[in-house]
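Observations on the model geometry
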Amino acid sequence: AQSVTQLGSHVSVSEGALVLLRCNYSSSVPPYLFWYVQYPNQGLQLLLKYTSAATLVKGINGFEAEFKKSETSFHLTKPSAHMSDAAEYFCAVTQFSGGYNKLIFGAGTRLAVHP
Amino acid sequence: NAGVTQTPKFQVLKTGQSMTLQCAQDMNHNSMYWYRQDPGMGLRLIYYSASEGTTDKGEVPNGYNVSRLNKREFSLRLESAAPSQTSVYFCASRPGQGVFSYNEQFFGPGTRLTVL
């Protein structure tokens, strides 16, 4: 069965600093991987997704993630944090079971950005 | 295009009361999902529907029922609410019916439910 581990439930960075949010997955088949962002009191919005086309995936708002099969990782990065990046971020992997396609989410990482 | 809509936005129930959470999508998606979000636990799948007329249990289905009324609507019912069901509930939809499709899920704004 697929699973996702996000290292660090809270990450704090200074404005302008590098953002690195870690995600490791386990999957018995080539995975589809996603990063979602949740702003306060809102639903989840897709940041980017990996579908095996390219290992470096660029998303919205300057975020990108690199798929590393050898490390079973899909870490999210942004070179320079903005105050508006403060939110909760979720990594997810697709699970195929019983003929259905479902998402398995990590526990989430809350990003704080301070001046 | 409203995307995925959910009603109500907030609800307070007493233990033992029942209620239905409504979800609708206008994107002609085949698959729909209900999740609950609890602090430190991410999103957990309650029920899903791969297509109109089909539903199946997810990770945490106990205490819930669902109805896929038509292609647009997927409701979640709590028959006898319990304090453990205090949570934020999200509905999502996904285009395509293929199992190996990599289409992402689109989420509604959520319903905050408190059970006293």
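That block above? That's the structure.
Residues numbered from 1 in each chain as written. Chains lettered and ligands numbered in written order. Predicted model: local features only at pLDDT ≥ 70, side-chain atom pairs only at ≥ 80, totals over all residues. Heavy atoms only, no water.

Thoughts on the interface of chain B and chain A
- Each partner contributes residues to the interface: chain B has 25 residues there, and chain A has 22 residues.
- The tally of links from chain B across to chain A stands at one salt bridge.
- The shortest N-O distance in the salt bridge between K49 of chain A and E104 of chain B comes to 2.6 Å.
- Linking chain B to chain A there are four residue pairs in polar contact (both at pLDDT 80 or more). (Contact = heavy atoms within 4.5 Å. Salt bridge = Lys/Arg side-chain N within 4 Å of Asp/Glu carboxyl O. Polar contact = N/O pair within 3.5 Å; in protein donor to acceptor, adjacent residues only side chain to side chain.)

What about the state of the cysteines?
Residue and element names in this part refer to chain B.
- Applying the stated criterion across every chain, the model contains two disulfides over all chains.
- Through a disulfide, C23 is tied to C91; the S-S separation comes to 1.9 Å. What sets the handedness of the C23 and C91 disulfide is the S-S torsion sign, and at about -70 degrees it is left-handed. Separated by 68 residues along the polypeptide, C23 in strand 3 (residues 19-25) and C91 in strand 9 (residues 87-94) bring together distant segments of the chain. (Disulfide = S-S within 2.5 Å. Helix = DSSP H or I, 4+ residues; strand = E, 2+ residues; numbered from the N terminus.)

A word on the sheet that holds strand 7 (residues 64-68) of chain A
All names here are of chain A.
- Here five strands make up an open sheet; going across it, the order is 1-3-8-7-6 and the pairing antiparallel. Because the sheet does not close on itself, it has two edges, and the strands there are strand 1 (3-7) and strand 6 (56-58). Across the sheet, the axes of successive neighbouring strands diverge by a mean angle of 20 degrees, strand direction being ignored. (Pairing = 2+ DSSP bridges. Axes fitted to C-alpha atoms, helices over the stretch in contact; angles between N-to-C directions.)

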